[in-house]
Amino acid sequence: MARLVFLSFLLFLPVLSQSNPWNRLPTTRVLSRKEVSHIVLEARTDHFRVTLLVSERFPYNYKASSHPFFFRMEDEKKALELANTLDNYLDSGKAFTITLIGSEIRSLLWGEP
């Protein structure tokens, strides 16, 4: 019986370590409606941006300021579609994972890791 408990603990240990937010890289963020306060469309001279205003993670959010993370889009129609898709997805209560290079979002993974 003890072997079975120990074996099940070893099997679930990697799953627990991947879901711990403190084990993630600083360039990887999991965002839900709690962290994203606004979704903003911006027009630049050579591209459009869909900007997410994001607050800090739980222990520090009472004293932190918002950070803008943005998607670089070539077309205004695609930017609006992405903003609506993100808003609807966040309103459903689900979370998504982003990978950052500076403030620019390089990849988006729907669903929690």
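Our structure is the block above this text.
The structure presented is a predicted model; accordingly, all values stated were derived computationally and were not measured.

**Thoughts on the pattern of salt bridges**
Phase 1 of the analysis: Overall, the coordinates contain five salt bridges when judged by the stated rule.
Phase 2 of the analysis: Overlapping salt bridges, with partners in common, bring together Arg33, Asp87 and Asp91 in one network.

**Description of the side chain of Glu35**
Phase 1 of the analysis: By the secondary structure assignment, Glu35 is in the loop between β1 (28-31) and β2 (36-43).
Phase 2 of the analysis: For Glu35, which is buried and forms no salt bridge, the nearest opposite charge comes from Arg29, at a distance of 6.7 Å.
Phase 3 of the analysis: Reaching out from Glu35, the side chain makes a polar contact with the backbone nitrogen of Ser32 at a distance of 2.8 Å.
Phase 4 of the analysis: When near neighbours in sequence (up to four residues on either side) are disregarded, Glu35 contacts Val30, Leu53, Val54 and Ser55.

**Notes on a negative patch on the surface**
Phase 1 of the analysis: On the surface, Asp46, Glu74, Asp75, Glu76 and Glu81 cluster together into a negatively charged patch.
Phase 2 of the analysis: Structurally, the position occupied by Glu76 is in helix α2 (residues 76-91).
Phase 3 of the analysis: On the accessibility criterion, Glu76 (53% relative accessible area) is exposed.

**What about the pairing of strand β6 (residues 104-110)?**
Phase 1 of the analysis: Alignment of strand β5 (residues 96-101) against β6, held across six bridges, turns out to be antiparallel. Of the residues in β6, the one forming a bridge with Phe96 is Trp110.
Phase 2 of the analysis: Between the antiparallel neighbours β5 and β6 lie two residues, among them Gly102 with a positive phi of about 70 degrees.

Parameters at a glance
Residues numbered from 1 in each chain as written. Predicted model: local features only at pLDDT ≥ 70, side-chain atom pairs only at ≥ 80, totals over all residues. Heavy atoms only, no water. Salt bridge = Lys/Arg side-chain N within 4 Å of Asp/Glu carboxyl O. Helix = DSSP H or I, 4+ residues; strand = E, 2+ residues; numbered from the N terminus. Buried < 20%, exposed > 50% of the residue type's maximum accessible area, 1.4 Å probe, protein only. Lys, Arg positive; Asp, Glu negative; His and termini not counted. Polar contact = N/O pair within 3.5 Å; in protein donor to acceptor, adjacent residues only side chain to side chain. Contact = heavy atoms within 4.5 Å. Patch = residues over 30% accessible without salt bridge, like charges linked within 9 Å, V, L, I, M, F, W, Y side chains within 5 Å. Areas by Shrake-Rupley, 256 points an atom, 1.4 Å probe, with all protein chains shown as cover. Charge placed at Lys NZ, Arg CZ, Asp CG, Glu CD. Pairing = 2+ DSSP bridges.

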